[in-house]
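# A structural walkthrough
These are the residues of each chain, in order.
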Amino acid sequence: MITSRWTQSLLFVLLAILVALLFTSAVLLMAGASPVAAYWYILKGAFGSWTKIADVAVAWVPLLLATSGLLMTFAAGLWNIGIEGQIVLGAIFTTWVLRVLQHSTLSPAVILFLAIAAGAIGGALWATLAGVLKVYGGVNEIFGGLGLDFVAVALILWLIFGPWKRPGIGSMSGTEPFPQQLWLPTLGQSRLSLWALLLGLVSIGMVYFLLSGTYFGLKLKAVGKNPRAAYLLGIPTTRYLMSAFLLSGLFAGLAGAVQVTAVYHRLIPAISSGYGWLGLMVSMLINFQPAWAAPVTLFFAALNIGSIQLPIVLKLDSSLSGVLQGALVLSFLLMSGVRQRWAHRHPQEAEHE
Amino acid sequence: MSSHDLLIGLAGVLFAAAPVVFATIGETLTERAGVINLSVNGTILLAAMSSFAVAVSTQSIVLGFAMGMLIGAAVALLVAYSSIALKQSQVAVGFVLTLMARDLAYFLGNPYMGRQGPRVQHLPIPVLSKIPVVGPLFFNHDLLTYFSFVLIGLAWWWVFRTRPGLTLQAIGERPAAAYARGAAVNKLRYLYTALGGALVGLAGPTYSLSVKAGWKGTISGLDGIGWIALALTIFGGWDPVRGAAGAYLFALLQWLGLVLQPYLPNVPSQVLQVAPFPLMILTLLLVNIGNAEWVERTLAGLPPDARRAISKVLRWMQVVPPASLGVPFEEE
Amino acid sequence: MEIQLRHIHKTFGPVHANDDITLTIPSGAIQGLLGENGAGKSTLMKVLSGYFHPDAGEILLDGQPVTIHSPADALRLGIGMLHQDPLDFPPMKVLDNFMVGYPKGLGLPRAEARQALLDLAAQFGFSLDPDAYVGSLTVGERQQLEIVRLLWLGAKALIFDEPTTGISAQQKEKLFAALRRLAAEGKTVIFVTHKLEEVEMLCDRVAVLRAGRLVGEAFPPYDLDQLVRMMFGKAVSKGERVNTALGKPVLEIKNLAVEDVRVRIQGVDLTVREGEVIGLAGMEGSGQRHLLRACAGLVRPVDGEIWIDGHNLTGKSYHEFMRRGVAYVPAARLEEGLVPTLTLLEHMILAGEQKGLIIDRQAALQRTHERIQTFSIRGRPHSPIESLSGGNQQRALLALLRPGLRLLLMEHPTRGLDMESAIWVWDTLKRRCREERTAIFFMSSDLEEILHYSDRILVFFSGQVSEPIPAQETDVEHLGQLIGGRGFQPVQEATP
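All of these numbers come straight from a predicted model, not from anything done at the bench.

## What about the overall build of chain C?
Per the secondary structure count, chain C includes 17 helices and 21 strands. Taken over C-alpha atoms, the radius of gyration comes to 24 Å for chain C, in line with the 23 Å a tight globule of 496 residues would show. Each principal axis of the C-alpha distribution contributes one length, and for chain C these read about 70 × 55 × 50 Å.

## Re the overall build of chain B
The number of helices and strands found in chain B is 15 helices and two strands. The globule rule puts the C-alpha radius of gyration for 332 residues at 20 Å, and the 21 Å found for chain B is close to it. In chain B, which comprises 332 residues, the proportion classed as buried is 51%. Put simply, of all contacts in chain B between residues at least 6 apart along the chain, 79% involve residues at least 24 apart.

## Describing unusual backbone geometry
Along the chain, proline 220 of chain C connects to proline 221 of chain C via a cis peptide bond; the corresponding omega equals -5 degrees. We note that histidine 265 of chain A has phi near 60 degrees; this positive angle belongs to a residue other than glycine. Structurally, histidine 265 of chain A can be placed in the loop between α10 (237-264) and α11 (275-285). Backbone geometry places aspartate 20 of chain C, a non-glycine residue, at a positive phi of 55 degrees. Tracing the backbone through its elements, the reader meets aspartate 20 of chain C in strand β2 (residues 15-25).

## Examining the packing of helix α4 (residues 83-101) of chain A against α11 of chain A
All names here are of chain A. Where α4 contacts α11, the axes come no closer than 7 Å and their chain directions differ by 135 degrees. Taken as axis vectors, α4 and α11 run oblique relative to one another. Seen along the crossing, α4 lies across α11 with a hand that is right-handed. Note on element contacts: α11 touches α4 through Tyr275, Gly276, Trp277 and Gly279, opposite Ile83, Glu84 and Ile87. Of the residues assigned to the contact of α4 with α11, the class counts are four nonpolar, two polar and one charged.

## What to know about the interface of chain A and chain B
Accessible area lost when the parts come together is the quantity often used to give the size of an interface. Between chain A and chain B, the residue contacts involve 40 residues of the former and 37 residues of the latter. Ranked by the residues each element gives to the side of chain A that touches chain B, the list is headed by helix α14 (residues 320-345) of chain A, at 13 residues. Of the residues that constitute the side of chain A that touches chain B, the class distribution is 28 nonpolar, ten polar and two charged.

## Considering the sheet that holds strand β3 (residues 30-34) of chain C
Residues and elements named next belong to chain C. A sheet is described by the order of its strands in space; here six strands give the open sequence β6-β7-β8-β3-β9-β10, paired in mixed fashion. The sheet terminates laterally at β6 (79-82) and β10 (213-218), the two strands that pair on one side only. The sheet shows a mean angle of 20 degrees between the axes of neighbouring strands, direction not considered. The pairing of β6 with strand β7 (residues 157-161) spans four bridges and is classified as parallel. By the bridge assignment for β7, isoleucine 79 is matched with alanine 157. The sheet strands contacting helix α8 (residues 224-232) are β3, β9 (205-210) and β10, and the helix crosses β9 at an angle near 35 degrees.

## Here's the deal with the interface of chain C and chain A
Listed per partner, the contact involves 21 residues of chain C and 17 residues of chain A. Elements that contribute at least two residues to the side of chain C that touches chain A include exactly α10 (318-323), α11 (333-337) and α12 (344-351) of chain C. Residue contributions to the side of chain C that touches chain A peak at four residues, all from α12 of chain C. Of the residues belonging to the side of chain C that touches chain A, the class tally is 14 nonpolar, four polar and three charged.

## As for the domain arrangement of chain C
Domain assignment breaks chain C into domain 1 (3-232), domain 2 (237-325 + 404-496) and domain 3 (339-401). For domain 1 of chain C versus domain 3 of chain C, the separation of C-alpha centres amounts to 39 Å.

## Topic: the sheet that holds strand β14 (residues 303-308) of chain C
Residue and element names in this part refer to chain C. Spatially, the four strands line up as an open sheet ordered β12-β11-β14-β15, and their pairing is antiparallel. Because the sheet does not close on itself, it has two edges, and the strands there are β12 (264-273) and β15 (311-312). Contacts from helix α9 (residues 288-295) reach β11 (249-259), β12 and β14 within the one sheet, and its direction differs from that of β11 by about 125 degrees.

## Let's talk about the nonpolar core
Counting residues in hydrophobic clusters, the biggest one holds 374 residues, and the most contacted among them are Val96 of chain B together with Phe441 of chain C. With 16 residues, the single largest contributor to this core is α10 of chain A. Residues contacting valine 96 of chain B, with those up to four places away along its chain left out, are Met281, Met284, Gly326, Val329, Leu330 and Leu333 of chain A.

## Describing helix α15 (residues 419-436) of chain C
All names here are of chain C. For α15, which comprises 18 residues, the first-to-last C-alpha distance of 25 Å matches the rise-based estimate of 26 Å (1.5 Å per residue) to within 8%. Listed in full, the buried residues belonging to α15 are Ala422, Val425, Trp426, Leu429, Lys430, Arg432 and Cys433. Considered in projection along α15, the buried side chains sweep an arc of 145 degrees and stay on one side of the axis. For α15, the exposed residues set more than 90 degrees away from the buried face come down to Glu420, Asp427 and Glu435. Considering only its buried residues, α15 is in contact with β13 (277-282), α14 (390-400), β18 (439-443) and α16 (447-453). Directly after α15, the chain includes arginine 437, whose backbone phi takes a positive value near 65 degrees.

## Brief notes about the environment of glutamine 266 of chain C
All names here are of chain C. Tracing the sequence through the fold places glutamine 266 in strand β12. With 22 C-beta atoms counted inside 10 Å, the residue glutamine 266 sits in the buried group. Sequence separation of glutamine 266 and leucine 256 is ten residues, and the distance between their C-alpha atoms is 5.6 Å.

## Some remarks on the pairing of β7 of chain C
Along any regular strand the residues' side chains alternate between the sheet's two faces. All names here are of chain C. Of all five residues in β7, five are buried, a share of seventy percent or more. What you see with β7 is no split at all: Ala157, Ile159 and Asp161 on one side and Leu158 and Phe160 on the other are buried throughout. Of the strand pairs in this sheet, β7 and strand β8 (residues 188-193) are connected by five bridges, and their pairing is parallel. Within β8, the position partnered with alanine 157 by the bridge is threonine 188.

## Things to note about the packing of α11 of chain A against helix α12 (residues 293-306) of chain A
All names here are of chain A. Taken N-terminus to C-terminus, the directions of α11 and α12 make an angle of 130 degrees; their axes are 10 Å apart at the nearest point. Classified by the angle their axes make, α11 and α12 are oblique. Read as a crossing pair, α11 and α12 show a hand that is right-handed. In this structure, α11 contributes Leu278, Val282 and Leu285 to the contact, and α12 contributes Ala293, Val296, Thr297 and Phe300. Here the contact of α11 with α12 is composed, by residue class, of six nonpolar, one polar and no charged.

What counts, and where the lines are drawn
- Residues numbered from 1 in each chain as written.
- Chains lettered and ligands numbered in written order.
- Predicted model: local features only at pLDDT ≥ 70, side-chain atom pairs only at ≥ 80, totals over all residues.
- Helix = DSSP H or I, 4+ residues; strand = E, 2+ residues; numbered from the N terminus.
- Rg over C-alpha atoms; globule rule 2.2 N^0.38 Å.
- Buried ≥ 20, exposed ≤ 12 C-beta atoms within 10 Å, placed from the backbone.
- Contact = placed C-beta atoms within 7 Å.
- Axes fitted to C-alpha atoms, helices over the stretch in contact; angles between N-to-C directions.
- Parallel < 35°, antiparallel > 145°, perpendicular 65-115°, else oblique.
- Left-handed = near helix turned anticlockwise from the far one by under 90°.
- Nonpolar A, V, L, I, M, F, W, Y, C, P; charged D, E, K, R; others polar.
- Pairing = 2+ DSSP bridges.
- Domains from an automatic or database assignment.
- Core = buried A, V, L, I, M, F, W, Y, C linked by C-beta atoms within 7 Å.
- Expected span 1.5 Å × (residues − 1).
- Arc of directions from axis to C-beta.

Here is the structure:
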């Protein structure tokens, strides 16, 4: 049998996608909707016009940043569920600096730079907190991070309805928008900022480089796979675990900063838009390989944007994108299990790999 | 607050804690068998929505509950299958499922948002409910609350006092040794994951047909409870009674949040609602810190008396998970 | 119960672990099963006790053919196995542990089980406290618990897999007495070992396995030379003792005390010199590992001082010790020593010198190829480390050690290795002592290894440490007695 490894992988990927689509179609039929129509509208909603394509790119950036961060923590064997909170804290710190400096005499470029840097620091601080709980307190990072997520949400709500509320009455629509000169410049009429896009692409490039070409990345992976052995090999494990949290929070904080400076121009309660969770899904789907992060995050961003108009055109909830994304990840996980099992049962054929 | 109000309030705490008790005990049984089912949060939402939908469509509460438990068991079995048969990470699969089940609940539940549905009947127990204090506190609820009381004792008795319970402990602790003694490790793991999942699923309809009757989509206020249940499982040290005590503590805190609201006008209600989460972190910190390496190192530097006293306190608080939690087992 | 094994075959991938083995084991006698590591003894016994299904062959019990699908099946048929590392539940109490696997009923037969436990234990002269935690028992006591448990469940044939590893001399005597008693009562007793003297001391008959085949059977009085030839195919010797000239002190331990929840050792004074090898003997859990770890900075001593090359490193971390030329090699290779999923090459990069930020893969690849050659590792630079065999993993671990080490601390340097690999490992280690003046401090449960390679020996017995004993002034018997606490003279009495 001369099935090459590549055809086999391709076959497996196609099969996984097929299973996910079948499942989602069944869900759509249960909801009384036509799957074909739903997929068509998602496609149209994502790529139907230049504005929509730009919107996809707008959603791509924070997702790419969050995924970049998560790949660092995953390399160290950590489930940084606290990423949502880290995005929120990034947004809060950015807003804070913008509020303090918006009436100063500094040039807008400087203020924006400082605000975005502050966002990165905010995310990193929140991540460090989860890191301290994990590394020094023995609190599993999933629960520590999750708790901090909820605390971050409470914090942002308190700020929006309390100290930072709009003149008059605080509302879910967020804080007062910043003056236009403090918005990251966007491309033409669209909401897409090339600066933000650049930031996202540079970030994932950096993560790829760090993890595949540097001593730091290799040591991080060693710590992730076997902390005890890594320690005996002379790697300061605590420091590496903390660095992973810190870097992850840094990227997450940048995502929050971008949401404030380039997308919403103010602080809103749902500022993280669930990109942290989505980044976790992407990371699992790409089996934590940075090389695949850019295309897959783009695809997921397209699904998110594409499903926005489902409630209007088909009276369907936009959470369909989440169902489809979840189905894809689950189907990939299960199929790779099936594949390993198959390889195990047919060792001769698998030997061609 | 009058003592009457206090009594009503505390009875309300016992009532509101029932679903958390179900989920915590369900997860405790699953984890005792050595499987981590991380899908609890999504499962509760999906079960709550589906059982409400079924109950609305069929006007049958019983079918609604059956649906909730079925969904819980099905999701849990998927976790078990992908881990035991397909060798995939339990954490990854559970996590995807928790997110996907949540989105499924919101998507499929859309048409049922805000609809009126049946609810579980209030059922004071004759005679007993008339006893002062104890009566209104324990015997003036619906069947689910009574079942939650019974379940705590039942689960404890099963795990610690029966032969199958001893086997359950064994397969989570050292599956190879349990297998050597005749336990069908993986079959039992499927069984307890499904059973635990069904109990987690039971929490869903307990909300949507009783404690917080109805389905309100993203504002149902159920998102996050599953995570609390998972944390309580750890807090309880995989002991059903201690876990349930945690569930009551959680419900008590939520109630206090409501009671204190009028006295803290400047604090938005959303802030008080998250109060249990920092507390969750704190309790996890207390029960885990004894396992941290730096603590051991620091202790070694202290004078003997202080060292022994502190490590005694730490060991008292400390919880130790089943040794093979999350570790797959292969026969042969 | 008479056990007949007929034409048993079992392969694992390319390895023919059991190759057409036919053996009849009578009841009422102690049947020895002798062979070196990897000879197929354990596989054969696991086939008999239901862990493995043979590829071919049949098993007859008292002349009746049976099929055994699982350990539970085996036990129902009356066959029970005691594993080298007792398969029990350390966090449970003895009584609970005793009842796990009781085949019927909903409730726990507590009273009945307690009585049975005490009765059976008394018959064999074991003292087992039903309410103690299994984790607090010694390996020997845990074996005793397994014996009475299997008897309670009706075992008629008992298999003992290398039961004397890690137990004290006294417990060994008790164990042998129990085995003789079982045989006298008409049970079938199978004793798996690689130690000739135990066969000589205990077995009524012995079957010798080599490379998966049954080489032959022997009866007392045994011709030991013949047994050795059967085991190895040729005579193998560890070679002459090599004595290395000693240099200046490397490690100085001053009045050291370390403790954990279970054991406390104190008052240890010792100076280890360049090129010297110190062996730590004692049953598992007597504190050797703790002392070893303290000397690496992995455990913080509660009292006393540790000096390396004239620097006081007490309370410093392992990485500080590393900087002073100390290295620690754990016994659990894949758990503590190596990083599964990373390749041999990546391990070399991690352990090697690191300049700058970016990995120089070319140089690393070259170095890896060299080390693979020097250490004759069967594997390629891009092989994931867990795909190597145990022996090759141990070679890889040694290949990772930097040159010019001052002090090398090792747990069980040759555990799980075949004879030739073990000899090779020690050749390499001794060369380090000679050429690089490295001092070696190691623990082992193999007394012959300790005797043959150490210059001086420390014996541990329940938290007490002996004076250093020059290896040439002692022998296996003497050490065995000391480990069991007989004639033990600790450095000093425990001070209040």
